[in-house]
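One-letter residues, chain by chain:
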Amino acid sequence: MNHAFPNLLTGGFVGVDIFFVISGYLIPQIIVREIEAGKFSIAAFYRRRARRILPALFVVLAATLACGWLILPPSEYKELARTAISTSLFVSNFDFAKHTGYFDTAADLKPLLHMWSLAVEEQYYIIFPPLLYVLWRYIDRRNAQGLLWILAVAGLGISEIGIHLFHNAAYYLLPFRAFELLVGALFSICGLPPLSNERARHATSLLGLGMMLVAIVFFTPDTRFPGVAALLPCVGAGLVIYAGISDETIGGRLLSFAPIVYVGAISYSLYLWHWPILAFLRNFTSAELPVTLATCAVLSAFVLAALSYHFVEQPFLSAWGRTINYWKLFVIEAGIVVLVSGAIYLSHGLPHRFSPAAQQFFAANQDFNHRRDECHDNGDQDGIAYTKSCVFGASTVKPDLAVWGDSHGAELVAYLGERAAREGRSVRELTSSACPPALQFATRKRPYCSRVNRETLAALIRDPAIRTVVLTANGARYGDKFELETGMRASINALLKARKRVVLIKQIPNMPYDIAEKAGISEQYDLPMDALGLPGSTARADAKTYDTFLDKLSREYGLAIYDPKVVLCAADFCHGVRNGSIVLYYNPDHLSMSGVSFAFKPLADDLYGL
């Protein structure tokens, strides 16, 4: 439900963690029982996992690739092919850790994003059963249980450290999630005595339910997670299971209604189907699904999950399914997915699926500053020295204007350079991704920003040719507003003291999806182009804090200020495509060269006295 209605239950993402606990509870119990009966076999364990996991998984992968053929633009279809390969090999969590922040807007559009948790679980069950066999077979039970406690506590510590040092990896990768599965194992096989008191059982089950509900209701994407915060839903799930070991509980009764039991039965297929349906709808319509579409998506997921459960899962779990060689099945199915997906990937997403007109819209993704790689630091150069920075415009004159900012300045400076050339003038580019023009400002991913900005400011002050400095940033996207505002104020004070003219640029509308790709899809399926964009009220709300701060600076210091939303947002809608043919953005957060020349023409007219 959280994936379909993210604003309804903001902490619904903890469902994955609860599932890890349930899995971590059930499977160790089965393994220990077989070890103690002398019947445990690693091969038989993996055969059971294959019967449970593979058939429905590959049906969903095949359906997802087929739907992607119809719906996804070339770049997204290429990415889907890559993630289909990593999913079929159970390493998609590494793929997404490298390429995707889980709560990024773009994450909602990736049809196989949810498969990261399946990869974590399967990686865990490559390691855990052999480890558990050794512990139970060759070490005293009490010592074995003690070691599992130590592993769980160590895993929690690793997770908590990880969310502070490398959050994306901590979200997706096994070392930072293993403690959640181990929580289930602790409740299952680590010697906790069953609760014999009826009131204690009921109270424990309700406490567990309450802990899970608190996490589901009050956690948000801003919650530092997993780490210690994950203990709330994980221990809650463990308590509900633990309370019901010896007898029925109130919490258990609440979860034992027939519809809930049936949802539990089809939960694996529901897990597989729900996210691709939502992602494809968002790709085809909008990132924020209307309630009616989201509801239809949920109902469709339940229907497909029921069909998958009865006609795919159950036959393979029956006596007939036990006759199949699952190693061969895995090799064949994974081989097919890898071969088909590899062909899609190597062909760059099969662009010829689309008409030439649609492909022209997709090509707008390349409509950016053609010197970006040379002149803009995208995070791989630790900043570009002032003496090596690029100049646009007339090559025979020193620049009298500089654009200083983050990546939002890269296309602006190229456009201003075109205008400057007509006037026999030039402009200097001083841009670095995720580095706004704010002294002492830095982020975890860009620790060098403070040094770069300090050096840039000193060079600007020393350069007598520079008379005007344009400050620009994607201000709505920086979390530490105090540090941003304090740093920009310090930069402006220093520039004004050096008698430089300062021009402030307000926030551009950040789009909820890739406009060029949406435009190509709209062209292919004859959908209205004027629906591509976002409401002006949404754009203003997103920009409110940053724009209000800039307005305050403008009044305090008497600075010139320019708001591109005045041009980009007409009739309270910020369009992504102009006149049905001109794509204004080359990705969700950056104006294209066409977009910059449209949005900033009044500013250029003012700067060059036209």
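Residues numbered from 1 in each chain as written. Predicted model: local features only at pLDDT ≥ 70, side-chain atom pairs only at ≥ 80, totals over all residues. Heavy atoms only, no water.

Peer 1: Which parts of the structure should I look at to understand the overall build of the protein chain?
Peer 2: Check the secondary structure of the protein chain and you find 25 helices and 13 strands. Radius of gyration (C-alpha) of the protein chain: 28 Å, near the 25 Å computed for a compact globule of 610 residues. Structurally, the protein chain occupies a C-alpha span of about 90 × 50 × 40 Å along its principal axes. Every one of the 610 residues in the protein chain was classed for burial, and the buried ones make up 53%. (Helix = DSSP H or I, 4+ residues; strand = E, 2+ residues; numbered from the N terminus. Rg over C-alpha atoms; globule rule 2.2 N^0.38 Å. Buried < 20%, exposed > 50% of the residue type's maximum accessible area, 1.4 Å probe, protein only.)

Peer 1: How should I be thinking about the sheet that holds strand S8 (residues 569-570) in this particular structure?
Peer 2: Reading across from one edge, S6-S9-S8 is the order of the three strands in this open sheet, with antiparallel pairing throughout. A strand with exactly one partner marks an edge of an open sheet, and here the two such strands are strand S6 (533-535) and S8. Summarising the sheet, S6 and strand S9 (residues 573-575) pair through three bridges and their orientation is antiparallel. Looking at the pairing, proline 535 lines up with phenylalanine 573 of S9. (Pairing = 2+ DSSP bridges.)

Peer 1: Explain the packing of helix H5 (residues 115-138) against helix H8 (residues 178-189) to me, please; I cannot follow it from the model alone.
Peer 2: Helix-helix packing is characterised by the crossing angle of the two axes and by the distance between the axes. It is the contact of H5 with H8, at a shortest axis distance of 11 Å, that shows an interaxial angle of 40 degrees. Judged by the inter-axis angle, H5 sits oblique to H8. Handedness of the H5/H8 crossing: right-handed. Seen from H5, the contacting residues are Glu121, Tyr124, Tyr125, Phe128, Leu132 and Trp136; seen from H8, they are Ala178, Leu181, Leu182, Ala185 and Ile189. When its residues are assigned to classes, the contact of H5 with H8 shows 10 nonpolar, no polar and one charged. (Axes fitted to C-alpha atoms, helices over the stretch in contact; angles between N-to-C directions. Parallel < 35°, antiparallel > 145°, perpendicular 65-115°, else oblique. Left-handed = near helix turned anticlockwise from the far one by under 90°. Contact = heavy atoms within 4.5 Å. Nonpolar A, V, L, I, M, F, W, Y, C, P; charged D, E, K, R; others polar.)

Peer 1: Before we go on, may I ask you to explain the sheet that holds strand S3 (residues 426-431) in this structure?
Peer 2: Strands sit in the order S1-S3-S2-S4-S5-S7 across an open sheet of six strands; the sheet is mixed. Taken across any chain shown, the strands that pair with only one partner, and hence form the sheet edges, are strand S1 (391-393) and strand S7 (560-562). On average, adjacent strands in this sheet sit at an angle of 25 degrees to one another, irrespective of strand direction. Pairing of strand S5 (residues 501-505) with S7 involves three bridges; the strand directions are parallel. The residue bridging leucine 504 from the neighbouring strand is isoleucine 561, located in S7.

Peer 1: Which parts of the structure should I look at to understand the pattern of salt bridges?
Peer 2: For side chains bearing opposite charge, pairing can occur when the charged atoms are close. Evaluation of the coordinates by the stated rule reveals 24 salt bridges. Of the charged contacts in the structure, one is a salt bridge between arginine 141 and glutamate 36, with a shortest N-O distance of 1.9 Å. With arginine 141 in helix H6 (residues 141-165) and glutamate 36 in helix H1 (residues 15-36), this pair connects stretches of sequence that are 105 residues apart. The partner of aspartate 551 in a salt bridge is lysine 506, with the nearest N and O atoms 2.9 Å apart. (Salt bridge = Lys/Arg side-chain N within 4 Å of Asp/Glu carboxyl O.)

Peer 1: Is there a simple way to think about the packing of helix H2 (residues 42-71) against H5 in this case?
Peer 2: At their nearest, the axes of H2 and H5 sit 11 Å apart, and the two run at 170 degrees to each other. Regarding the angle of H2 to H5, the classification is roughly antiparallel. Only Met115, Leu118, Glu121, Glu122, Tyr125, Ile126, Pro129 and Pro130 of H5 make contact with H2, whose side of the interface consists of Ile42, Phe45, Tyr46, Arg49, Ile53, Leu57 and Val60.

Peer 1: Looking at this structure, how should I read the nonpolar core?
Peer 2: Among soluble globular proteins, nonpolar side chains are generally buried collectively. In terms of nonpolar packing, the biggest core is built from 94 residues, with Leu57 and Leu148 touching the most fellow members. At 11 residues, the largest contribution of residues to this core is made by H2. Those residues within four positions of leucine 57 in sequence are excluded, and the remaining contacts are Thr87, Phe90, Met115, Leu118, Tyr268 and Leu272. Ranked by size, the runner-up nonpolar core spans 45 residues in total, among them Tyr415, Val427, Met511 and Met593. (Core = buried A, V, L, I, M, F, W, Y, C linked by side-chain atoms within 4.5 Å.)

Peer 1: When you look at helix H14 (residues 291-317) in this model, what are you seeing that I'm missing?
Peer 2: Residues lying three or four places apart along an α-helix face the same way, a consequence of the helix completing one turn every 3.6 residues. Here H14 spans 36 Å end to end across 27 residues, near enough to the 39 Å set by a 1.5 Å rise per residue. In the structure, H14 departs most strongly from a straight axis at tyrosine 309, where the bend amounts to approximately 40 degrees. Ala294, Ala297, Val298, Ala301, Ala305, Ala306, Ser308, Tyr309, Val312, Glu313 and Phe316 are the residues of H14 that are buried. Of the surrounding elements, those touching the buried residues of H14 are H2, helix H12 (258-265), helix H13 (267-284) and helix H15 (326-346). (Expected span 1.5 Å × (residues − 1). Bend = angle between axes of the 7 residues up to and from the residue.)

Peer 1: Mind showing me how you'd approach a nonpolar patch on the surface here?
Peer 2: Taken together, the side chains of Val134, Tyr138, Ile139, Leu147 and Ile150 define a hydrophobic patch exposed on the protein surface, amounting to about 460 Å² of accessible area. Looking at the nonpolar patch, the elements with two or more residues in it are H5 and H6. Structurally, the position occupied by valine 134 is in helix H5. (Patch = residues over 30% accessible without salt bridge, like charges linked within 9 Å, V, L, I, M, F, W, Y side chains within 5 Å. Areas by Shrake-Rupley, 256 points an atom, 1.4 Å probe, with all protein chains shown as cover.)

Peer 1: Honestly, the state of the cysteines in this entry has me stumped. Any pointers?
Peer 2: Enumeration over the complete set of coordinates arrives at three disulfides. The residue that forms a disulfide with cysteine 375 is cysteine 390, at a sulfur-sulfur distance of 2.0 Å. Taking the torsion about the S-S bond as the criterion, the cysteine 375 to cysteine 390 disulfide, at about -85 degrees, is left-handed. Residue cysteine 375 is found in helix H17 (residues 372-375), and its partner cysteine 390 is found in the loop between H17 and S1; the two are separated by 15 residues along the sequence. Overall, cysteine 375 belongs to the buried group, its relative accessible area being 2%. Accessibility expressed as a relative area gives 6% for cysteine 390, which makes it buried. What pairs with cysteine 569 in a disulfide is cysteine 574, and their sulfur atoms sit 1.9 Å apart. Sign of the S-S torsion, about 95 degrees for the bond between cysteine 569 and cysteine 574, identifies this disulfide as right-handed. Note on cysteine 574: relative accessible area 0%, which makes it buried. No disulfide involves cysteine 190; its nearest neighbouring cysteine sulfur is the one of cysteine 234, lying 15 Å away. (Disulfide = S-S within 2.5 Å.)

Peer 1: What's the story with the environment of aspartate 406 in this structure? I'm lost.
Peer 2: Tracing the sequence through the fold places aspartate 406 in the loop between strand S2 (401-405) and helix H18 (410-422). By relative accessible area, aspartate 406 is classed as buried at 1%. C-alpha of aspartate 406 to C-alpha of histidine 590: the two residues are 184 residues apart in sequence and 11 Å apart in space. Sequence-distant contacts of aspartate 406, that is, excluding residues within four places in its chain, are made with His376, Thr431, Ser432, Ala434, Cys435, Pro436, Thr472, Ala473, Asn474 and Tyr478. In terms of polar contacts, aspartate 406 uses its side chain to reach the backbone amide nitrogen of asparagine 474, at 2.8 Å. Polar side-chain contacts of aspartate 406 include one of 2.6 Å to the side chain of tyrosine 478. (Polar contact = N/O pair within 3.5 Å; in protein donor to acceptor, adjacent residues only side chain to side chain.)

Shape is all these values report; function is a separate question.
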